[in-house]
Amino acid sequence: DAGITQSPRHKVTETGTPVTLRCHQTENHRYMYWYRQDPGHGLRLIHYSYGVKDTDKGEVSDGYSVSRSKTEDFLLTLESATSSQTSVYFCAISERERGNIQYFGAGTRLSVL
Amino acid sequence: GEDVEQSLFLSVREGDSSVINCTYTDSSSTYLYWYKQEPGAGLQLLTYIFSNMDMKQDQRLTVLLNKKDKHLSLRIADTQTGDSAIYFCAEIGGGSYIPTFGRGTSLIVHP
């Protein structure tokens, strides 16, 4: 998975609890992304980062926040998890000089009960 | 915003050719991609094409781009059961680094 590690790989949590997902890369790529994948919706962009401390919202950012304090780490936080946030979450990285190809992590399966 | 459309399912017999189609709306597309997702895994790049090309071949894979009609296709020759997966079309427009993905086509290969 191109030097991308997502943790945890699986998580079950309760409604109302905060949850943090971690994406770690060893490729020194500038751009990092968080997506969620749901049946019938394909991939939807939650947040993305274009550098350390530089982040922006994607199409489904409500209820999520992100932080990037180091090039290699991009954290996604569900501030107060809801059942509608049950999904598979993917982190991706890319670099403009390499055709903007995205490299994906293996995903985190999150269940909110 | 820009849109990328794909059919949701394709079923083929092992050994036949598969053709997965994609249409997009962004007239400033610079790169177009095909990604493959196997069960329980993330997406992996299969191939990509620059918008100034109309064809790219890589072993069993052939990508055709009709820029006038904004139509991209992926042909897999001699399809194998191991090709069963979800295939995503994606494009990036001029000046952007964030791709627009289609919803994915599930390819089912029957023995």
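All values reported here derive from a predicted model rather than from experimental measurement.

Rules used throughout
Residues numbered from 1 in each chain as written. Chains lettered and ligands numbered in written order. Predicted model: local features only at pLDDT ≥ 70, side-chain atom pairs only at ≥ 80, totals over all residues. Heavy atoms only, no water. Contact = heavy atoms within 4.5 Å. Buried area = accessible area lost by both parts, 1.4 Å probe. Salt bridge = Lys/Arg side-chain N within 4 Å of Asp/Glu carboxyl O. Polar contact = N/O pair within 3.5 Å; in protein donor to acceptor, adjacent residues only side chain to side chain. Helix = DSSP H or I, 4+ residues; strand = E, 2+ residues; numbered from the N terminus. Nonpolar A, V, L, I, M, F, W, Y, C, P; charged D, E, K, R; others polar. Pairing = 2+ DSSP bridges. Axes fitted to C-alpha atoms, helices over the stretch in contact; angles between N-to-C directions.

Participant: Describe in detail the interface of chain B and chain A, supporting the description with residues and values.
Facilitator: Frequently, the measure chosen for interface size is the accessible area removed from exposure when the parts meet. In this complex, chain B contributes 19 residues to the contact, which on the side of chain A involves 21 residues. With both chains or domains summed, chain B and chain A bury close to 1,700 Å², and 58% of this area falls on carbon and sulfur atoms. Inspection of the region where chain B meets chain A yields 0 salt bridges. The interface formed by chain B and chain A holds 4 residue pairs in polar contact (both at pLDDT 80 or more) in total. Top element by residues in the side of chain B that touches chain A is strand E4 (residues 29-37) of chain B. It accounts for 4 residues. Looking at the side of chain B that touches chain A residue by residue, the classes come out as 13 nonpolar, 5 polar and 1 charged.

Participant: A description of the sheet that holds strand E3 (residues 19-25) of chain A should follow, citing residues and the corresponding values.
Facilitator: All names here are of chain A. What the 4 strands build is an open sheet, ordered E1-E3-E8-E7; its pairing is antiparallel. At either margin of the open sheet sits one strand with a lone partner, and together these are strand E1 (4-7) and strand E7 (64-70). Direction aside, the axes of adjacent strands within the sheet are offset by 15° on average. Here E1 runs beside E3; their pairing, made up of 4 bridges, is antiparallel. Note that in E3 the partner of isoleucine 4 across the bridge is glutamine 25.

Participant: I'd like a rundown of the sheet that holds strand E8 (residues 71-76) of chain B, residues and numbers included.
Facilitator: Residues and elements named next belong to chain B. The strand order across the open sheet formed by 5 strands is E1-E3-E8-E7-E6, and the pairing between neighbours is antiparallel. Both outer strands of the open sheet, strand E1 (4-6) and strand E6 (55-58), are each paired with one neighbouring strand and no more. Each neighbouring strand pair of the sheet contributes to a mean axis angle of 15°, computed without reference to strand direction. Pairing geometry for E1 and strand E3 (residues 18-24), over 3 bridges, is antiparallel. Bridge pairing links glutamine 6 to cysteine 22 in E3.

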